[in-house]
Amino acid sequence: MRINKYLSEAGLCSRREADRLIREGRVTVEGVPARAGMQVQESAEVCVDGRPVRGREKKVYLKFYKPRGIVCTADRREPANLTEYLNYPVRVTYAGRLDRDSEGLLLLTNDGELIDRTMRARNGHEKEYEVTAEKEFSDAFLEKIQRGVYLRELGVRTRPCRAVRVDRTCFRIVLTQGLNRQIRRMCAAFGVRVRTLKRIRILNLELDGMKPGELRELEPEELRELQKRVRGNGHG
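Every chain is numbered on its own, with residues counted from 1 as its sequence reads. Side-chain atom pairs in this predicted model are given and counted only at pLDDT of 80 or more, local residue features only at pLDDT of at least 70, and totals for whole chains, interfaces and linings cover all residues. Calculation of side-chain values draws on the structure's entire complement of heavy atoms; hydrogens and water are dropped beforehand.

Undergrad: Please clarify how the pattern of salt bridges should be interpreted in this entry.
TA: Two side chains with opposite charge may pair up if their charged atoms get near one another. The salt bridge criterion pairs a side-chain nitrogen of Lys or Arg with a carboxyl oxygen of Asp or Glu, the two atoms within 4 Å. In this structure the tally under the stated criterion is 22 salt bridges. The shortest N-O distance in the salt bridge between Asp208 and Arg216 comes to 3.9 Å. Burial classes follow relative accessibility: with a 1.4 Å probe on protein chains only, a residue under 20% of its type's maximum area counts as buried, one over 50% as exposed, and anything between as partly exposed. Overall, the relative accessible area of 53% leaves Asp208 in the exposed class. Overall, Arg216 belongs to the partly exposed group, its relative accessible area being 28%. We note a salt bridge from Arg216 to Glu214, for which the minimum N-O separation is 3.0 Å. Here the residues in one salt-bridge network are Glu17, Arg20, Glu24, Arg26 and Asp49, joined through shared partners.

Structure follows, in C-alpha cells:
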C-alpha cells in the first residue's frame, strides 16, 4: 500500500499529515528516507522521527471535551500538549483542532480514513460553536457574519453560515469550513471581541453534558451515524 495510507491506517495521522511528514524527511522505510507515493509492505520497518510505527491497531473512536489551555499538538516540547494530557494507551489524533484559548468537542481516533473524510473541506461537514462576546452585539452583526466575511489577513472570504442569538452577548454559529482562528477573525472584522469559544457539535456528535477533560468512547449508534455522514450519505 502507499506509504501515506500505511501511516494513516496505523493510526499515526491523516494521509495529508503523512504527506507532510514525508516531505520533511521524518519518515524512513527500512532505514531509507521515504518518498511520496512509494509502496510499502505490511512487514516493512517504517519509522517516524526514528521511532518504529506499529502495524494497524484496533480502531478506537472517542469524543473529548478539550479544556482551555490545552494545545492540539503531539509535540512534547509544548508543556500543555494534548498527547500527554490524554495519556491514552493507543495513539490517536484529532479531526479539526481547537486553539489554546478555545474549549469543547474533539473527535479523537486512530482511523486516518475517517479523519481525512471529516476534514475534507469540500464535504462541508458541520461544526457548531457557542460564542460569548465581551460586549453586547447587534442583530446586524449576526446578519453580516452569516453572509460571509472577507478575512484580509488570510486573503479569503468565509462561506455563508448560520448564526443565532442566545442572549445579549452569546450566539451559536454553524460552520462548514475550518480556517485558522476563523470565528475570532470573523468577529474581529466587525469589532466584536470573543471572550469564550466552545465547540458543541461535530456532525452528529455533541458534547452532551460532558465536562472539561472528560473522554468518552462513541456509542455504537453515534459511530454508525458518523460513518454514514462522512461517506456522504447524510447531511452535515
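Back to the text.
Undergrad: How should I be thinking about the sheet that holds strand β1 (residues 27-29) in this particular structure?
TA: Through backbone hydrogen bonds, the strands of a sheet pair up, either in parallel or in antiparallel fashion. For two strands to count as paired, DSSP must find a minimum of two bridges between them. Here a strand is any run of E in DSSP of at least two residues, a helix any run of H or I of at least four, and the numbering for each starts at the N terminus. The four strands lie next to each other as β2-β1-β3-β4, forming an open sheet whose pairing is antiparallel. Looking at the sheet topology across the chains shown, the edges are occupied by β2 (32-33) and β4 (51-52). The pairing of strand β3 (residues 46-48) with β4 spans two bridges and is antiparallel. What sits directly across from Val48, in β4, is Arg51.

Undergrad: What is the right way to read unusual backbone geometry from this model?
TA: Glycine aside, a negative phi is what most residues show, and trans is what most peptide bonds show. With phi around 55°, Asp49 is a residue other than glycine that occupies positive phi space. You can call Asp49 partly exposed: its relative accessible area is 48%.

Such coordinate-based values are descriptive only and should not be taken to indicate function.
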